[in-house]
Amino acid sequence: MTIRVLVVEDDPVAADAHALYVGRVDGFAVVGVAHSRAQAVRALERTEVDLLLLDLYLPDGHGLQLVRSLRAAGHSADVIAVTSARDLAIVREGVSLGVVQYVLKPFTFATLRDRLDRYAEFRAAAGEASGQDEVDRALAALRAPRTGTTLPKGLSGPTLEAVTRTLRESLEGLTATEAAAAVGISRITARRYLEHLVTAGRADRAPQYGQVGRPELQYRWLSSRR
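The text that follows walks through the structure, step by step, so that each part is easy to find. (Residues numbered from 1 in each chain as written. Predicted model: local features only at pLDDT ≥ 70, side-chain atom pairs only at ≥ 80, totals over all residues. Heavy atoms only, no water.)

With respect to the overall build of the protein
The number of helices and strands found in the protein is nine helices and ten strands. Evaluated residue by residue, the protein yields a buried proportion of 42% over its 226 residues. Considering only intrachain contacts with a sequence separation of at least 6, the fraction spanning at least 24 residues in the protein is 61%. When the accessible area of the protein is evaluated, it comes to approximately 12,100 Å², of which 52% is carbon and sulfur surface. (Helix = DSSP H or I, 4+ residues; strand = E, 2+ residues; numbered from the N terminus. Buried < 20%, exposed > 50% of the residue type's maximum accessible area, 1.4 Å probe, protein only. Contact = heavy atoms within 4.5 Å. Areas by Shrake-Rupley, 256 points an atom, 1.4 Å probe, with all protein chains shown as cover.)

Right under this line is the structure:
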């Protein structure tokens, strides 16, 4: 099911860019663009919206004021905040109001795509969890990837994105050899990134039998959305 997105951003150029980004992600569609809190309210009154891509600094009020009023009116649309605000008190308040992700400006298409994909994974989780691990995995879908200096030593954000994308797109899973060939890195390097995804709870692994010699590990992305 397509996730309907309302982009709320006071800067017209930024709003167009955000809408363009959203439109490039499979499974998402922009159903409207608003440049103020008042325009967002009117758009929500006439259009079904699943997700707000919300700038927090609007000309007629703070974005969290908009979220608070929407919750009071019974609107259940989720919110991804797109903002330059770094005040953790605002982050905590946003979480209490149902802000599921924060994307700090400036950001790239790859960053927003990752957040949207993670949100879609979280939204797609349905049914009754079999245990704590499944609950943790559903919530982990909303966590930001570890990139840059927060990655384990020797791993880089761009290569992690490439390995992640390759694994996500493989319906049957990949071995380290297959991932290495697809991304253009060595098998040992590919395995390090794949093991990192396993440790982060984003993938699992199992021996691949049926071939002569020692079985090779097959890695699979832990998500129903690929």
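Structure's up, so let's keep going.
Considerations on the pattern of salt bridges
One pass over the structure, following the stated rule, counts twelve salt bridges. For R68, the salt bridge identified is with E93, shortest N-O distance 2.1 Å. Of the two residues, R68 sits in helix α3 (residues 63-72) while E93 sits in helix α4 (residues 88-97), which places them 25 residues apart along the sequence. Put simply, R168 and D117 hold a salt bridge, and the shortest N to O gap is 3.6 Å. Residue R168 is located in helix α7 (residues 157-168), and its partner D117 is located in helix α5 (residues 109-124); the two are separated by 51 residues in the primary sequence. For R168, a relative accessible area of 10% gives the class buried. Through salt bridges that share partners, D117, E121, R168 and R202 make up one connected network. (Salt bridge = Lys/Arg side-chain N within 4 Å of Asp/Glu carboxyl O.)

Topic: the nonpolar core
Buried together is how nonpolar side chains tend to be arranged in soluble globular proteins. Grouped together as the largest cluster of nonpolar side chains are 22 residues, with contacts concentrated most on L6, V8, L52, L54 and L56. When contributions to this core are tallied by element, the ones reaching two or more residues are β1 (3-8), α2 (37-46), β3 (51-55), α3, β6 (78-83), α4 and β7 (99-104). The leading source of residues in this core is α3, at four residues. If sequence neighbours within four positions are ignored, V8 has contacts with A34, S36, A40, L52, L53, L54, D55 and L58. Counting 19 residues, the second-largest nonpolar core is a separate cluster that includes I3, L51, F107 and L112. (Core = buried A, V, L, I, M, F, W, Y, C linked by side-chain atoms within 4.5 Å.)

Some details on the packing of helix α8 (residues 176-183) against helix α9 (residues 187-199)
Two numbers describe how α8 lies on α9: the axes approach to 8 Å, and their chain directions differ by 105°. On the basis of the axis angle, α8 is roughly perpendicular to α9. Each of A176, T177, A179 and A180 in α8 lies in contact with α9, whose residues at this interface are R187, A190, R191 and L194. (Axes fitted to C-alpha atoms, helices over the stretch in contact; angles between N-to-C directions. Parallel < 35°, antiparallel > 145°, perpendicular 65-115°, else oblique.)

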